[in-house]
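As a plain string of letters, each chain reads:
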Amino acid sequence: MIKSLVPPLILCLLLFCLVSVAQEREIEHIHVVNNDIPPLLFKQRGQYQGPYYEKLRKLLAEAKLQYELDILPWPRVYQTLLTQPNTMIVSIGRTPKRESLFHWIGPVVNEEEEMFFYQLKDEHIEVDKISPSGPYSIAVLRDTYFHEYLQVEGYPPKNYYAVLGGDELLQMLLKKRVDLILLSDQNLALHANNLGVDIGLFKKSNAAFTIAHYMALSKGSSPELVERLQDAYQRLAQKSIF
């Protein structure tokens, strides 16, 4: 029998070091996902652009992390965050329902954004009847905080439609398949531009809610990675970058 030339204790130490190095290398790289939100974060001529992208780049440089950024449709973004560890999102609305689902790094902006019910400009909507018991049909984007808002507020499923795309949302309102849609000013402008539709065709019916947008990590992420990003965020916040 040939005996090992390496004493067992040294062999164990070597294996421990190799595992530690491998784990360290694992958190040198992070996968970042986000939906397309021009002008805040978008890809043009093969280059990522926008103020949210600049904040992401500065944060990951401060945390000394390399990254891969993918712009995906929102349903894929959300599913990726729920299922893949060490995955980060640049901007996600922080809601009570999502509180325990992610690690929260910090606000991507300090101001909360206000969301509104929109109607066609020439339609008569009674604002005081926009409620779970009201007569109006509503369209929202599926698996978003808009969708969550209607669920939490108790709007019956028969009174609203959850669709996959913002362009489809506007088309439903323009074709009078619904009475109202729930969006932000920025969302409305983006989708109206995509469709080549005059934004003057729409008007606000009523304010719905406000929300803060955060950078966040998937729940299964390495504790070391969470701490590294949160610490880097705090250092940049002290420099007024966030």
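Residue positions are counted from 1 within each chain, in the order its sequence is given. This being a predicted model, a pLDDT of at least 70 is required before a residue's local features are given, and a value of 80 or more before pairs of side-chain atoms are given or counted; all residues contribute to the totals for chains, interfaces and linings. Neither water nor hydrogens contribute to the side-chain values; these are computed over all heavy atoms in the structure.

A. Spatial organisation of the overall build of the protein chain. Each helix and strand in the protein chain was counted, giving 7 helices and 12 strands. The buried share among the 242 residues of the protein chain stands at 45%. Every residue pair with non-hydrogen atoms within 4.5 Å of one another is taken to be in contact. Sequence separation of at least 24 residues holds for 74% of the intrachain contacts in the protein chain that already meet a minimum separation of 6. Counting only carbon and sulfur atoms, one obtains 54% of the accessible surface of the protein chain, whose full area is about 13500 Å². Starting at the N terminus, helices and strands are each numbered in turn, a helix being any DSSP run of H or I of at least four residues and a strand any DSSP run of E of at least two. The rule is simple: take the accessible area with a 1.4 Å probe, protein chains only, and divide by the maximum for that residue type; under 20% is buried, over 50% is exposed, in between is partly exposed. Values of accessible area rely on a 1.4 Å probe in the Shrake-Rupley scheme; residue burial ignores everything except the protein chains shown.

B. Structural view of the sheet that holds strand β5 (residues 87–93). Pairing between two strands is assigned when DSSP locates at least 2 bridges connecting them. Strand order in the open sheet made by the 5 strands is β4-β1-β5-β12-β6, with mixed pairing throughout. With one partner strand each, in any of the chains shown, β4 (66–71) and β6 (102–107) form the two edges of the open sheet. Adjacent strand axes in the sheet meet at a mean angle of 30°, parallel and antiparallel pairs treated alike. Think of each axis as a best-fit line through the C-alpha atoms, taken over the contacting stretch in the case of a helix, with angles from 0 to 180 degrees between the N-to-C directions. Taken strand by strand, helix α3 (residues 74–83) contacts β1 (29–34), β5, β6 and β12 (213–218), and its axis lies near 125° from that of β5.

C. Broad picture of the pattern of salt bridges. Should a side-chain nitrogen of Lys or Arg be within 4 Å of a carboxyl oxygen of Asp or Glu, the pair is scored as a salt bridge. Enumeration over the complete set of coordinates arrives at 8 salt bridges. Linking Lys 129 and Glu 126 is a salt bridge whose minimum nitrogen-to-oxygen distance equals 3.5 Å. The partly exposed category is assigned to Lys 129, whose relative accessible area is 37%. For Glu 126, a relative accessible area of 32% puts it in the partly exposed group. Lys 204 is paired through a salt bridge with Asp 185; the nearest N and O atoms lie 3.3 Å apart. On the criterion of sequence distance, the pair formed by Lys 204 in strand β11 (residues 202–211) and Asp 185 in helix α6 (residues 185–195) is long-range, its members being 19 residues apart. Given a relative accessible area of 40%, Lys 204 falls into the partly exposed group. Relative accessible area serves as the criterion here: at 39%, Asp 185 is assigned to the partly exposed category.

D. Representation of the packing of aromatic side chains within the structure. In summary, the pairing rule links any two rings of Phe, Tyr or Trp, Trp by its six-membered ring, whose centres are within 6.5 Å, and it sorts them by plane angle into stacked for under 30 degrees, edge-to-face for over 60 and tilted for everything else. Enumeration according to the criterion identifies 12 aromatic pairs in this entry. Ring geometry for Tyr 149 versus Phe 209: centroids 4.7 Å apart, planes at 20°, classification stacked. With Tyr 149 in helix α4 (residues 145–153) and Phe 209 in strand β11, this residue pair connects regions lying 60 residues apart in the sequence. Among the residues examined, Phe 209 registers a relative accessible area of 14% and is labelled buried. Pairwise contacts between aromatic rings join Trp 74, Tyr 78, Phe 102, Trp 104 and Tyr 214 into one cluster.

E. Quick look at the side chain of Thr 80. Position of Thr 80 among the secondary structure elements: in helix α3. By relative accessible area, Thr 80 is classed as buried at 11%. Leave out the neighbours within four places in its chain, and Thr 80 touches Val 33 and Thr 87.

F. Representation of the sheet that holds strand β10 (residues 180–184) in the model. Spatial strand order, β9-β8-β10-β7-β11: 5 strands in an open sheet with mixed pairing. Across the chains shown, the open sheet's two edge strands, defined by having one partner strand only, are β9 (160–163) and β11. Between one strand axis and the next, the sheet turns by 30° as a mean value, whatever way the strands run. Across 4 bridges, strand β7 (residues 113–120) lies against β10 in antiparallel orientation. By the bridge assignment for β10, Tyr 118 is matched with Ile 181. Here α6 sits on the sheet in contact with β7, β10 and β11, set at roughly 110° to β10.

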